[in-house]
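Inside the fold
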Amino acid sequence: MAPAAMTFASSLSDAQPVSYWLDDPAKPGALPALTGDEHCDLLVVGGGYSGLWTALLAKERDPGRDVVLIEGREVGWAASGRNGGFCAASLTHGLGNGLARWPGELAELEELGDRNLDAIEAAVKAYSIDCDFERTGEIDVATEPYQVDELHEMYEEATRLGFGGLELLDQDAVRAEVNSPTFLGGLWDRRGVAMLHPARLAWGLKQACMDLGVRLYENTQGLELASSGAAMVVRTPYGRVLARRVALGTNVFPSLVRRVRPYTVPVYDYALMTEPLSAQQLAEIGWKRRQGLGDSANQFHYFRITADHRILWGGYDAIYPYGGKLSAELDHRPETYLKLASHFFHCFPQLEGLRFSHAWGGAIDTCSRFSAFFGTAHGGRVAYAAGYTGLGVGATRFGADVMLDLLSGERTERTELEMVRSKPLPFPPEPVAWAGIGLTKWALARADANGGRRNAWLRTMDRLGLGFDS
């Protein structure tokens, strides 16, 4: 191994193979599994953000509604407890994606997204959820000259459309915020993103749900969904739940509505967490205003600083398993950890010698339009939301409202949206999906190395509205 690679490997030698967020003494104990029959007005399947927000909002809308939530393992154990802790207002996976797909309703989508983030902040306060919520915003940073041009174009387009809250930063200004020799410019969304402790948010929502009377069962997997007269029945390992309505918040896991499955594929994403920085190290990088950061490449990194002065560094590799098979073996990938460590010290060479305390990965769901889609089944008695593609920390609350609207049969400002009424293009069956995703990843890497220029394959995918992202 080359000397540089040895240095990167050494920085990982003590890293624990577990999400930093879940490795927390505040983690609550698991609740008992469901045994026997349970009856309710609303059954929520899934104990991540999607299910937790659905259960909580259902009780807020109607305190008398009888709500049950089942979770296959423990609340927050999957993507909700393993992400970067960026809580974005955007419902469309960024302004550019929203403008490309729903230009006619983008202003409404942006307003709904802003209101949704405000409501998350209000819920954190109302339910006294200790999750280090900080509305510090996010800076998209340029590390190549062509990315500077792209950030200027996005700023000009946002200004033309009347979207405020963005600040364009030149090289000196962005390095004054966070000091990296790789930063050439930045676009700071000052209010549209909050930082938080994602696992503690999930645990806080769990407690809030129980306080409102939600009956919650952990280690209770939903195995099968069927109708039985006026009720929907979900079979579990030791029992079943009979419910008038069902909301599915299973996201990356195979939907209990089989026809939904082709619309998503799992992507494995990975992250590192450093040990706490010393006062001198903090002074060398600045970062006093604690914004989230992400670079502007197709294969991008996201990074942020925590309440105890660690740096989370994630992204870049997006691993698709053949056939979309979920496997615990893919939760850890040493070759990706080594790659991420090398990228980290390229970005922050002044932190040489810093070590990583945690290294982890896990699956998220992505769809071909990079943002959530919604629908119903069984005559409107079942609703689902999926496909959040990495921005589910914030958007799942909006998705919960959509599912509850759909289950009630109400026409609302949400259900009238084209975004809600339309579906993404499904992914093709294997081996076409594997070949197409592999070719797309190769083309994206080539574009990053070639001044951002998209080849014929990517331009064709753009025209078809197809994509692959994490």
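Each residue is numbered by its place in its chain's sequence as written, counting from 1. At least 70 in pLDDT is required for a residue's local features to be given in this predicted model, at least 80 for side-chain atom pairs to be given and counted, and no such filter applies to totals for whole chains, interfaces and linings, which use all residues. To get the side-chain values, take all heavy atoms of the structure and skip hydrogens and water.

1. Concerning helix H6 (residues 145–160)
When the terminal C-alpha atoms of H6 are compared, their 23 Å separation across 16 residues agrees well with the 22 Å that a helix rising 1.5 Å per residue should span. Among the residues making up H6, those that are buried are Tyr146, Gln147, Leu151 and Ala158. An end-on view of H6 places all buried positions within 140° of arc, on one side of the element. Projecting away from the buried face of H6 at angles above 90 degrees are the exposed residues Pro145, Glu153, Glu156 and Arg160. Residues are treated as being in contact if the distance between any of their heavy atoms lies within 4.5 Å. The helix and strand labels rest on DSSP assignments: H or I over at least four residues marks a helix, E over at least two residues marks a strand, and numbering proceeds from the N terminus. Buried residues in H6 make contact with helix H4 (95–101), strand E4 (138–142), strand E5 (166–169), strand E6 (185–189) and helix H13 (432–449). Where H6 ends, the next residue or the one after it, Gly162, has phi of about 85°, a positive value. Expected helix span is computed as 1.5 Å times (number of residues minus one). Burial classes follow relative accessibility: with a 1.4 Å probe on protein chains only, a residue under 20% of its type's maximum area counts as buried, one over 50% as exposed, and anything between as partly exposed. Read the arc as the range of directions from the helix axis to the C-beta atoms.

2. Some points on the sheet that holds strand E15 (residues 311–315)
Strands are labelled as partners when DSSP assigns at least two bridges between them. Taken in spatial order, the eight strands line up as E5-E6-E4-E13-E14-E15-E12-E16 in an open sheet, and their pairing is mixed. For this open sheet the edge positions go to E5 and strand E16 (356–366), each flanked by a neighbour on one side alone. For this sheet the average axis-to-axis angle between neighbouring strands, irrespective of direction, equals 20°. Pairing of strand E13 (residues 292–295) with strand E14 (residues 301–305), which is carried by two bridges, proceeds in the antiparallel orientation. Residue pairing across strands places Gly294 opposite Tyr302, the latter belonging to E14. Across the face of the sheet, helix H10 (residues 334–347) comes into contact with strand E12 (265–274), E14, E15 and E16 while running at roughly 50° to E12. The convention used is that axes are lines fitted to C-alpha atoms, helices contributing only their stretch in contact, and that angles between N-to-C directions extend from 0 to 180 degrees.

3. What about the side chain of Asn97?
By the secondary structure assignment, Asn97 is in helix H4. On the accessibility criterion, Asn97 (12% relative accessible area) is buried. Leave out the neighbours within four places in its chain, and Asn97 touches Thr92, Arg369, Phe370 and Ser371.

4. Quick word on the nonpolar core
We define a nonpolar core as any set of buried Ala, Val, Leu, Ile, Met, Phe, Trp, Tyr and Cys residues linked to one another through side-chain atoms lying within 4.5 Å. Residues Leu42, Trp53, Phe133, Leu201, Leu205 and Phe374 are the most contacted members of the largest nonpolar core, which totals 51 residues. Of all the secondary-structure elements, those providing two or more residues to this core are strand E1 (36–45), helix H2 (49–61), strand E2 (67–70), helix H5 (106–126), helix H8 (198–211), strand E18 (382–386), helix H11 (392–408) and helix H12 (418–421). Ignoring sequence-local partners within four residues, the contact set of Trp53 consists of Ile120, Ala123, Leu205, Val393, Thr396, Arg397 and Ala400. Counting residues in each nonpolar core, the second largest holds 36 residues, with Val174, Tyr268, Leu340 and Phe356 among its members.

5. Quick look at the packing of aromatic side chains
Side-chain rings of Phe, Tyr and Trp, where Trp is taken by its six-membered ring, are said to pair if the distance between their centres is within 6.5 Å; with planes under 30 degrees apart they count as stacked, over 60 as edge-to-face, and otherwise as tilted. Scanning all chains against the criterion turns up 21 aromatic pairs. Ring geometry for Tyr270 and Tyr337: centres 6.1 Å apart, planes at 80°, overall edge-to-face. Of this pair, Tyr270 sits in strand E12 while Tyr337 sits in helix H10; the two residues are 67 residues apart in sequence, bridging distant segments of the chain. Of the two residues examined, Tyr270 and Tyr337, each falls in the buried class. Among the aromatic side chains, those forming a connected cluster through ring pairs are Phe8, Phe183, Trp287, Phe303, Trp313, Phe344, Phe345, Phe348 and Phe356. Think of it as a cone above the ring: NZ of Lys or CZ of Arg counts as a charge over the ring if it is within 6 Å of the ring centre and within 35 degrees of the ring normal. In this structure, Arg73 packs its charged tip against the face of Trp77, placed 3.8 Å from the ring centre. Between the NZ or CZ atom of Arg190 and the centre of the ring of Trp188, over which it lies, the distance is 3.8 Å.

6. Re unusual backbone geometry
Here Glu430 and Pro431 are connected by a cis peptide whose omega angle stands at 5°. In the Ramachandran plot, Phe370 falls in the positive-phi region, its phi being about 70° despite a non-glycine side chain. Mapped onto the elements, Phe370 comes out in the loop between E16 and strand E17 (373–377). Residue Phe370 is classed as buried on the basis of its relative accessible area, which comes to 16%. In this structure, Thr389 is a non-glycine residue whose phi angle is positive, near 55°. Residue classification places Thr389 among the buried positions, given a relative accessible area of 0%.

7. Observations regarding the pattern of salt bridges
Salt bridges are defined by distance alone: a side-chain nitrogen of Lys or Arg within 4 Å of a carboxyl oxygen of Asp or Glu. Applying the stated criterion across every chain, the model contains 30 salt bridges. For the salt bridge of Asp24 with Arg200, the shortest nitrogen-to-oxygen distance reads 2.9 Å. Within this pair, whereas Asp24 is found in the loop between helix H1 (3–11) and E1, its partner Arg200 is found in helix H8, the two being separated by 176 residues in sequence. Assessed through its relative accessible area of 11%, Asp24 is described here as buried. We note a salt bridge from Arg115 to Glu111, for which the minimum N-O separation is 3.5 Å. On the criterion of helical spacing, the pair formed by Arg115 and Glu111 is a turn pair, its members being four residues apart in helix H5. The partly exposed category is assigned to Glu111, whose relative accessible area is 44%. Look at the salt bridges and you will find they share partners, linking Arg61, Arg397, Asp401, Asp405, Glu410 and Arg414 into a network.

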